[in-house]
Amino acid sequence: NSPEGAVYYLFGATGDLARRKLFPALFSLYKEGKLSEKFAVVGLARRARSNEQFRSDLYESINEFCRYKADDTELWTRFAEHFVYMSLDINNVDGFRELSLLSAELDEKFDIPGNRLFYLALAPSLFGPVSLNLRDGGLLESKGWHRLVIEKPFGYDLPSAQKLNEQLGQVFKEEEIFRIDHYLGKEMVQNIQVIRFANAFFEPLWNNNHIANVQITLSETVGVEERGGYYDKSGALRDMGQNHMLQMLTMIAMEPPSRLHGEDIRDEKVKVLRSLRGYKSNEEVRSHVVRGQYTAGKLGNKELSGYRQEDSVGEESATETYFAAKVFVDNFRWAGVPFYIRTGKRLPVKTTEVVVEFKAMPQNVLFAQKHELSPNLLVIRVNPMEGIYIKINAKKPGADNDVQPVSMEFCQSCMIGINTPEAYERLIHDAARGDSTYFTRWDEVSHAWEFVDRIAKGWREDSSDLEPYPAGSWGPAKANELLAEQGHHWWPVN
Ligand code: BG6
């Protein structure tokens with residue numbers, strides 16, 4: 001299932017994303033034979049750089065970040081020959097005309113049938129102007145396909161996202177636009193649908209008769225690092241909530257699609273987003289969503305400064321670095337089941353995990369007389385551990401009828417010889433094959449913004465609920481109250 005040959009245009013080729021993710025992803029794909037020899041990559045950025053310098057950046061990036069090393073000289077040399085660099089002022093259409101000429105040469109040299117994939121690792125404000133110049137510079141006139149891959153954030157709120165979408169729509173059709181949400185490229189996120197729809201254990205129980213609540217945690221130990229300028233305008237809700245968290249929620253909550261086709265799956269995901277219960281007032285926002293901001297603290301032995309002391313962050317910033325929300329999906333399957341979602345920077349561990357808590361057995365004439373029975377849990381570990389485990393109750397050996405919770409575990413990341421592909425590998429490969437299943441469609445983006453905008457409005461109009469939490473802690477204690485109201489609590493993550 002190799003894609004047909006294509007030229008890949010990496011806008012932002014001297015940036016961090018290219019170095020950490022995109023170059024390594026291309027190398028892994030090449031090494032696994034998924035790119036064939038019919039491809040070329042044009043690195044594009046304003047800075048002047050020779051092809052040799054560009055290839056040496058590429059080499060360093062691969063040796064630092066790729067799951068394969070560039071230690072086979074012959075293979076490396078062959079791979080690197082496909083890469084060229086061109087300095088480009090993205091506001092000037094003349095450069096795009098030049099790029100068009102270069103593209104024709106590359107098509108010829110590598111026997112590429114005019115297919116073009118434009119990857120914009122750029123600030124979203126540049127997506128519109130670059131698209132127009134791609135068109136005006138003649139890059140969309142080749143006879144193959146043309147696809148645009150763009151990074152988040154897709155807008156700042158619904159109106160700005162609509163505007164951006166209109167700009168792109170002047171040049172590209174919806175099916176030519178691939179909006180990246182890299183969480184959808186993660187193996188274990190894609191595994192959610194297999195676990196759900198391929199196991200008789202789970203699907204019959206996957207509803208409000210049997211599930212008490214679902215918890216989705218995306219915790220990070222890092223602070224905002226060098227991204228204070230971006231993050232201070234964005235905050236956790238926009239940076240992680242609007243995209244990754246709601247996307248994971250849709251994968252857990254969607255109905256089985258009629259076929260495993262991209263559009264069918266995305267149709268089901270949109271239905272979930274449409275069923276999210278919007279908060280109707282600022283009071284409802286406050287009673288369902290907790291937000292926090294880290295202050296100075298300690299992680300292990302490391303002293304950490306507070307968010308407001310980070311570079312490019314305002315001294316009185318009211319931006320949230322943490323939020324937790326109680327979300328309801330108002331449809332037949334999920335009526336009444338809370339989805340608790342939380343994410344934050346400077347939390348004690350880096351993990352992405354979903355916990356599905358099942359309802360208690362009828363309390364429980366047989367075994368619960370002596371002990372509270374633990375509920376059954378299904379835990380899906382996405383990152384950095386990959387796997388699933390279930391918690392069940394079993395007899396304590398040697399005791400009369402004592403019951404203890406035990407785990408049955410499948411640890412994918414512990415298996416020897418498993419070298420899980422990175423999310424970006426999967427996504428670049430999918431875009432090159434024209435498979436948009438794991439990219440977000442415009443209607444998904446817009447419904448997600450609608451939901452998030454209501455929360456943002458509540459916060460904008462009253463910022464008194466921002467809770468400080470020390471770096472290295474699990475966030476504001478108020479996030480526990482969200483669950484306690486319904487007799488639930490956060491399950492500790494591992
Ligand atoms: C990005 C956010 O989308 O996801 C970052 O902008 C965050 O703030 C990152 O750190 C987390 O991704 P991952 O794959 O490391 O969990």
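Residues numbered from 1 in each chain as written. Predicted model: local features only at pLDDT ≥ 70, side-chain atom pairs only at ≥ 80, totals over all residues. Heavy atoms only, no water.

1. Side note on the packing of helix α6 (residues 158-169) against helix α12 (residues 442-461)
For any two helices packed against each other, one specifies the inter-axial angle together with the distance between the axes.
1) Next: Put simply, α6 and α12 touch, their axes get as near as 9 Å, and they point 160 degrees apart. When the axes of α6 and α12 are compared, the pair comes out roughly antiparallel. Counted together, L158, P159, A161, Q162 and N165 of α6 and W442, S446, W449, E450 and D453 of α12 form the full contact between these two elements.
2) Next: Here the residues of the contact of α6 with α12 are counted per class, giving five nonpolar, three polar and two charged. (Axes fitted to C-alpha atoms, helices over the stretch in contact; angles between N-to-C directions. Helix = DSSP H or I, 4+ residues; strand = E, 2+ residues; numbered from the N terminus. Parallel < 35°, antiparallel > 145°, perpendicular 65-115°, else oblique. Contact = heavy atoms within 4.5 Å. Nonpolar A, V, L, I, M, F, W, Y, C, P; charged D, E, K, R; others polar.)

2. Describing the pattern of salt bridges
1) Next: Throughout the structure, instances matching the rule amount to 40 salt bridges.
2) Next: Between R67 and E32 there is a salt bridge whose closest N-O contact spans 2.9 Å. Of this pair, R67 sits in the loop between α2 (51-65) and α3 (73-80) while E32 is found in the loop between α1 (16-31) and β2 (39-45), placing the two residues 35 residues apart along the sequence.
3) Next: Residues R333 and E203 are paired through a salt bridge, measuring 3.0 Å at the closest nitrogen-oxygen approach. On the criterion of sequence distance, the pair formed by R333 in the loop between β11 (322-328) and β12 (338-344) and E203 in the loop between α7 (187-197) and β7 (211-219) is long-range, its members being 130 residues apart.
4) Next: Three or more residues joined by partner-sharing salt bridges are found here, namely E263, R266, D267, R441 and D443. (Salt bridge = Lys/Arg side-chain N within 4 Å of Asp/Glu carboxyl O.)

3. Points about the environment of I180
1) Next: Here I180 is to be found in the loop between β6 (177-179) and α7.
2) Next: Measuring from C-alpha to C-alpha, the distance between I180 and I150 comes to 6.0 Å, with 30 residues separating the pair along the chain.
3) Next: Sequence-distant contacts of I180, defined by excluding residues within four places in its chain, comprise Y119, V149, I150, E151, K152, Y424, L427 and F439.

4. Focus on the UniProt feature "binding site: NADP(+)" (unreviewed entry) in the protein
1) Next: Taken from the UniProt record, the annotation "binding site: NADP(+)" (unreviewed entry) applies to G12, A13, T14, G15, D16, L17, A18, R19, R46, D89, I90 and K152. In the annotation above, K152 are the residues that line the largest cavity.
2) Next: Within the secondary structure layout, G15 lies in the loop between β1 (6-11) and α1.
3) Next: Along the polypeptide, R19 turns up in helix α1.
4) Next: Apart from residues no more than four positions distant in its own chain, R19 is found in contact with P24, S61, E64 and F65. (UniProt positions renumbered as here; feature names shortened; annotations may be inferred. 1 Å grid on protein atoms, 1.4 Å probe; cavity = no way out; pocket = protein on both sides within 12 Å on 5 of 7 lines; lining within 4 Å.)

5. Re the nonpolar core
In summary, soluble globular proteins display a tendency toward joint burial of nonpolar side chains.
1) Next: Counting residues in each nonpolar core, the largest one holds 146 residues, and the members touching the most others are F11, V42, F79, F118 and L249.
2) Next: Among the elements that make up this core, the one with the highest residue count is helix α8 (residues 228-253) (11 residues).
3) Next: Apart from the residues within four sequence positions on either side, F118 is in contact with Y9, F11, L134, L139, L140, H146, R147, L148, V149 and F172.
4) Next: The next biggest cluster of nonpolar side chains, apart from the first, holds five residues, and it includes V355, L377, Y389 and W491. (Core = buried A, V, L, I, M, F, W, Y, C linked by side-chain atoms within 4.5 Å. Buried < 20%, exposed > 50% of the residue type's maximum accessible area, 1.4 Å probe, protein only.)

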